[in-house]
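Architecture at a glance
Below are the chains, spelled out letter by letter.
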Amino acid sequence: IIIGAPGKGNVICGNINGIVNNSYYYNNGLADILIQSNIIGLLDDGYTAASNINGVSLVLSKTATIGGIAANMGNVISANITNINIVRGYNFNVTPSVVDIQNNKIGTNYTGKKDFKNILLFQQSAFIKAYGINVTTDYTTVNINANIISGQRYCGIYIERATFNITGNKIG
């Protein structure tokens, strides 16, 4: 599955879920997804919040790449309650998964210089637990590299039960 590409990104905003798959209780989750060059949770100007509850929410059984090795492959994923949420259901086989999250602007505008922590959505008491990246998986290696992560009300990066490599990010 390919969603966006350099020069061919999408604007996904104002929904409950921006990008989501839902196969938590089945043996086959999402495999081999590439999400690049999209604006998720903002209008097409890259500066105005138009929040989703979940920006990207994936249930995996194999690999996922959010962003890429070049800066123009990165996404702007901002102003969502949870910008990136990765889970793996307990019924999946034990084939290891790899998730690469690279060169994205998470929680900021298109320039990476302003975050959205003070928008009205985050001021509501029901939405205090907002994540930049939330990963709750078994048998998964998560590589988080060269991202800008800012403006979260709870955690910039939260990882549970996964192996991880976090390098070269700007967090806070």
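This text goes with the structure placed above it.
Residues numbered from 1 in each chain as written. Predicted model: local features only at pLDDT ≥ 70, side-chain atom pairs only at ≥ 80, totals over all residues. Heavy atoms only, no water.

**Focus on the sheet that holds strand S5 (residues 39–40)**
Pairing in this open sheet of six strands is parallel, and the strands run S2-S5-S8-S11-S14-S17 from one edge to the other. At either margin of the open sheet sits one strand with a lone partner, and together these are strand S2 (11–12) and strand S17 (170–171). (Pairing = 2+ DSSP bridges. Helix = DSSP H or I, 4+ residues; strand = E, 2+ residues; numbered from the N terminus.)

**Quick word on the side chain of Asn 52**
Inspection of the secondary structure puts Asn 52 in the loop between S5 and strand S6 (54–59). Within the structure, the side chain of Asn 52 is placed 2.8 Å from the backbone nitrogen of Asn 15, a separation counted as a polar contact. What Asn 52 contacts, discounting residues up to four positions off in sequence, is Ile 12, Cys 13, Gly 14, Asn 15, Ile 16, Asn 17, Gly 18, Ile 40, Gly 41, Ala 79, Asn 80 and Ile 81. (Polar contact = N/O pair within 3.5 Å; in protein donor to acceptor, adjacent residues only side chain to side chain. Contact = heavy atoms within 4.5 Å.)

**Notes on the environment of Arg 153**
For Arg 153, the location among the structural elements is in the loop between strand S14 (148–149) and strand S15 (155–160). Given the relative accessible area of 34%, Arg 153 is considered partly exposed. Remark: the alpha-carbon pair of Arg 153 and Ala 31, spanning 122 residues in sequence, is separated by 30 Å. (Buried < 20%, exposed > 50% of the residue type's maximum accessible area, 1.4 Å probe, protein only.)

**Remarks on the pattern of salt bridges**
Scanning all chains against the criterion turns up three salt bridges. As a salt-bridge pair, Asp 138 and Arg 161 come within 3.0 Å of each other at their nearest N and O atoms. Taken as a pair, Asp 138 in the loop between strand S12 (131–136) and strand S13 (140–145) and Arg 161 in the loop between S15 and strand S16 (163–167) lie far apart in primary sequence, 23 residues in all. Overall, Arg 161 belongs to the partly exposed group, its relative accessible area being 34%. Through salt bridges with shared partners, a single network forms among Asp 138, Glu 160 and Arg 161. (Salt bridge = Lys/Arg side-chain N within 4 Å of Asp/Glu carboxyl O.)

**Remarks on the nonpolar core**
Membership of the largest hydrophobic core comes to 25 residues, with the highest contact counts inside it found for Leu 58 and Ile 66. Those elements that provide at least two residues to this core are strand S4 (33–35), S6, strand S7 (63–67), strand S9 (82–87), strand S10 (97–102), S12 and S13. Sequence-distant contacts of Leu 58, defined by excluding residues within four places in its chain, comprise Ile 19, Asn 21, Leu 30, Ile 33, Ile 35, Ala 64, Ile 66, Asn 85, Ile 86 and Val 87. By size, the runner-up hydrophobic cluster in this structure holds nine residues, among which are Ile 39, Ile 81, Phe 116 and Ile 119. (Core = buried A, V, L, I, M, F, W, Y, C linked by side-chain atoms within 4.5 Å.)

**Remarks on the packing of aromatic side chains**
If you walk through the whole model with that rule in mind, you get two aromatic pairs. Summarising the aromatic geometry, the rings of Tyr 131 and Tyr 154 are spaced 5.2 Å apart at their centres and angled 80° between planes, so their arrangement reads as edge-to-face. In this pair, Tyr 131 sits in strand S12 while Tyr 154 sits in the loop between S14 and S15, placing the two residues 23 residues apart along the sequence. Residue class for Tyr 154 comes out partly exposed when judged on its relative accessible area of 42%. Taken together, the ring pairs in this structure connect Tyr 131, Tyr 154 and Tyr 158 into an aromatic cluster. In this structure, Lys 105 is placed above the aromatic ring of Tyr 110, and the distance from its NZ or CZ to the ring centre is 5.5 Å. Over the face of the ring belonging to Phe 116 we find Lys 114, whose NZ or CZ atom lies 5.7 Å from the ring centre. (Phe/Tyr/Trp six-rings, centres within 6.5 Å; stacked < 30°, edge-to-face > 60°. Lys NZ or Arg CZ within 6 Å of the ring centre and 35° of its normal.)

**A short note on the pairing of S7**
With three bridges joining them, S4 and S7 adopt parallel strand pairing. What sits directly across from Ile 33, in S7, is Ala 64. Taken together, the five bridges between S7 and S10 define a ladder with parallel strand orientation. Bridge pairing links Ala 64 to Val 99 in S10.

**Section: a nonpolar patch on the surface**
Residues Phe 164, Ile 166 and Ile 171 make up a contiguous nonpolar surface patch of about 280 Å² in total accessible area. Among the structural elements, Phe 164 can be located in strand S16. (Patch = residues over 30% accessible without salt bridge, like charges linked within 9 Å, V, L, I, M, F, W, Y side chains within 5 Å. Areas by Shrake-Rupley, 256 points an atom, 1.4 Å probe, with all protein chains shown as cover.)

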